[in-house]
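# Examination of the molecular architecture
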Amino acid sequence: EKSQDCMYLQYCKVCQSYKAPRSHHCRKCNRCVMKMDHHCPWINNCCGYQNHASFTLFLLLAPLGCIHASFIFVMTMYTQLYNRISFGWSSVKIDMSPAKRDPRPIIPFGLSAFAASLFALGLALGTTIAVGMLFIIQMKVILTNKTSIESWIEEKAKDRIQYYQTGETFIFPYDMGSKWKNFKQVFTWSGIPEGDGLDWPVRDGCHQYTLTIEQLKQKADKRVRSVRYRAIEDYSGVCCPVTKGVKTFFTTPCTEEPRIALSKGDLILATRGLKHWMYGEKILDSDADGGIRERGWFPRKCVEKCQYDSETDQPVDGEKKNR
């Protein structure tokens, strides 16, 4: 509504518009998502402002359903094996032949059925643990009125302030100070979240653009720390390249972030790095690519540092200082 507020907002080159506070662009959905938490491949959608409550309930109900299934599997195997197990002095014998009793069971319980039930029980218990942990993580961020991305932004804010010793104090603006108030921001009786996804209530001492200003500072800091590299080998963009060395193959980053293909001579701005991999953005012709950026991981041995880059002649973030 106020054009002067644009200076506090991030601009999305893909969507060709300004991002609302708490919004982020999703590469999978190819759009900006309000209050984006993450992209979930299991629901083939982003978890954000409109469906945060529904997604969290899914994380609760899925383990409960698996617990119910586990109980059924356990009771099935117990009742079917009760009359088949004989205990001797030195061994335990299980008779998996058809039960000699009347009436015969509607579904015969043989060796294959026992193996399938045991395998399904393992899947149910594994899903209960894995999805249950995700539910606990989601509830922690909801009770502080954050998303997973905003928790990472807050950590980077503390890191930036400590690194530069600016003396600033970053206060997360959307934490109302009460877990119940934060809970009501997501869960409502109607199922429709409060607000419009653009304007949010903030705590005292903060305003609507406190978080976006911090994001702009972090982006500026990333540009300062970025290092220019030039590709000296071609790289196809595969997840685990065989031709780039054994260590590169086995230390591929365990993340869903993309890999970028490189051709000899390409320029890349690297922002962070591991021992055998680096993450950065390929420098493209802005007129030819239509504003689309190519960012991702690539093997370190495929590039070399540009020697005469006065703007970014620094070590890669992560090598400069172990913080």
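These numbers were taken from a predicted model, which means no experiment stands behind them. (Residues numbered from 1 in each chain as written. Predicted model: local features only at pLDDT ≥ 70, side-chain atom pairs only at ≥ 80, totals over all residues. Heavy atoms only, no water.)

## What to know about the overall build of the protein chain
Formally: Secondary structure elements follow DSSP: runs of H or I of four or more residues count as helices, runs of E of two or more count as strands, with numbering from the N terminus. Throughout, a residue-residue contact means that at least one pair of heavy atoms, one from each residue, lies within 4.5 Å.
Along the backbone of the protein chain there are seven helices and 13 strands. Taking all contacts inside the protein chain whose residues are at least 6 apart in sequence as the whole, residues at least 24 apart take part in 61%.

## Here's the deal with the pairing of strand β9 (residues 227-231)
As a reminder of what qualifies: For every residue, the accessible area (1.4 Å probe, protein chains only) is compared with the maximum for its type, and the residue is labelled buried under 20%, exposed over 50%, or partly exposed between those bounds. Pairing between two strands requires that DSSP report at least two bridges joining them.
Residues of β9 alternate between two faces, with Val227, Tyr229 and Ala231 buried on one and Arg228 and Arg230 left unburied on the opposite face. Pairing geometry for β9 and strand β13 (residues 303-305), over three bridges, is antiparallel. Within the sheet, the bridge partner assigned to Ala231 lies in β13 and is Val303.

## Digging into the UniProt feature "transmembrane region" (unreviewed entry) in the protein chain
Here is the rule we go by: UniProt positions are given in the numbering used here, feature names are shortened, and annotations may be inferred rather than shown by experiment.
Residues annotated by UniProt as "transmembrane region" (unreviewed entry) correspond here to residues 57-78 and 106-137. Secondary structure content for residues 57-78 is 100% helix and 0% strand, and the end C-alpha separation is 32 Å.

## Observations concerning the nonpolar core
Quick note on the threshold: Nonpolar cores were defined as sets of buried Ala, Val, Leu, Ile, Met, Phe, Trp, Tyr and Cys residues, with membership established by side-chain atoms within 4.5 Å.
Core analysis: the largest hydrophobic core is formed by 15 residues, its most contacted members being Tyr229, Tyr235, Leu262, Ile268, Met278, Phe298 and Val303. Beyond its immediate stretch of four places on either side in the chain, Tyr235 contacts Pro241, Arg259, Ile260, Ala261, Leu262, Trp277, Trp297, Phe298, Pro299 and Cys302. In terms of nonpolar packing, the next biggest core, distinct from the first, is built from nine residues, Ile153, Phe170, Trp200 and Leu211 among them.

## Points about a nonpolar patch on the surface
Applicable threshold: The patches described consist of residues with a relative accessible area above 30% and no salt bridge, like charges being joined within 9 Å and nonpolar side chains (Val, Leu, Ile, Met, Phe, Trp, Tyr) within 5 Å. Residue-level accessible areas treat just the shown protein chains as cover; the underlying method is Shrake-Rupley with a 1.4 Å probe. Within this document, salt bridges are pairs made up of a side-chain nitrogen of Lys or Arg and a carboxyl oxygen of Asp or Glu, the two lying within 4 Å of each other.
On the surface, a cluster of nonpolar side chains totalling about 630 Å² of accessible area is made up of Phe71, Ile72, Val74, Met75, Tyr78 and Tyr82. With respect to the helices and strands, Tyr78 occurs in helix α1 (residues 52-81).

## As for the packing of helix α3 (residues 148-164) against helix α5 (residues 210-225)
Put simply, the rule is: Helix axes are fitted to C-alpha atoms over the stretch in contact, other axes to C-alpha atoms as well, and angles between N-to-C directions run from 0 to 180 degrees. Relative orientations are named as follows: roughly parallel for angles under 35 degrees, roughly antiparallel for angles over 145 degrees, roughly perpendicular for angles from 65 to 115 degrees, and oblique for any other angle. Two helices crossing with the near one rotated counterclockwise from the far one by less than a right angle form a left-handed crossing, whereas a clockwise rotation gives a right-handed crossing. Three residue categories are used. Nonpolar comprises Ala, Val, Leu, Ile, Met, Phe, Trp, Tyr, Cys and Pro, charged comprises Asp, Glu, Lys and Arg, and polar comprises the others, including Gly.
Running from N to C, α3 and α5 point in directions that differ by 60°, and their axes come no closer than 10 Å. Taken together, α3 and α5 sit at an angle that is classed as oblique. As for how α3 packs across α5, the hand of that crossing is left-handed. Packed against α3, whose contacting residues are Glu150, Ile153, Lys156, Ala157, Arg160, Tyr163 and Tyr164, the element α5 presents Leu211, Glu214, Gln215, Lys217, Gln218, Asp221 and Arg225 at the interface. Considered class by class, the residues forming the contact of α3 with α5 number five nonpolar, two polar and seven charged.

## Brief notes about the environment of Leu57
Looking at where Leu57 falls in the secondary structure, it is placed in helix α1. Once the C-alpha coordinates of Leu57 and Phe135 are considered, the two residues, 78 residues apart in sequence, prove to be 8.4 Å apart.

## Here's the deal with the sheet that holds β13
Strand order in the open sheet formed by five strands is β12-β11-β10-β9-β13, with antiparallel pairing between adjacent strands. Here the strands that pair on one side only, and so sit at the sheet edges, are β12 (294-299) and β13. On average, adjacent strands in this sheet sit at an angle of 45° to one another, irrespective of strand direction. Pairing geometry for strand β11 (residues 277-282) and β12, over six bridges, is antiparallel.

## What to know about a positive patch on the surface
Operational definition: Charged-residue counts in this description rest on Lys and Arg as positive and Asp and Glu as negative, His and the chain ends being excluded. Where a charge sits is defined by one atom per residue type, namely NZ (Lys), CZ (Arg), CG (Asp) or CD (Glu).
Taken together, the side chains of Lys13, Arg27, Lys28, Lys219, Lys222, Arg223, Arg293 and Arg295 make up a positively charged region of the molecular surface. A per-element tally of the positive patch places α5 first, with three residues. Checked against the element boundaries, Lys222 lands in helix α5.

## Thoughts on the pattern of salt bridges
Enumeration over the complete set of coordinates arrives at ten salt bridges. Measuring nitrogen to oxygen at the nearest pair gives 3.3 Å for the salt bridge that ties Glu294 to Lys282. Of this pair, Glu294 sits in strand β12 while Lys282 is found in strand β11, placing the two residues twelve residues apart along the sequence. For Lys282, a relative accessible area of 11% translates into the label buried. Sharing partners across several salt bridges, the network here consists of Arg160, Glu168, Glu214 and Lys217.

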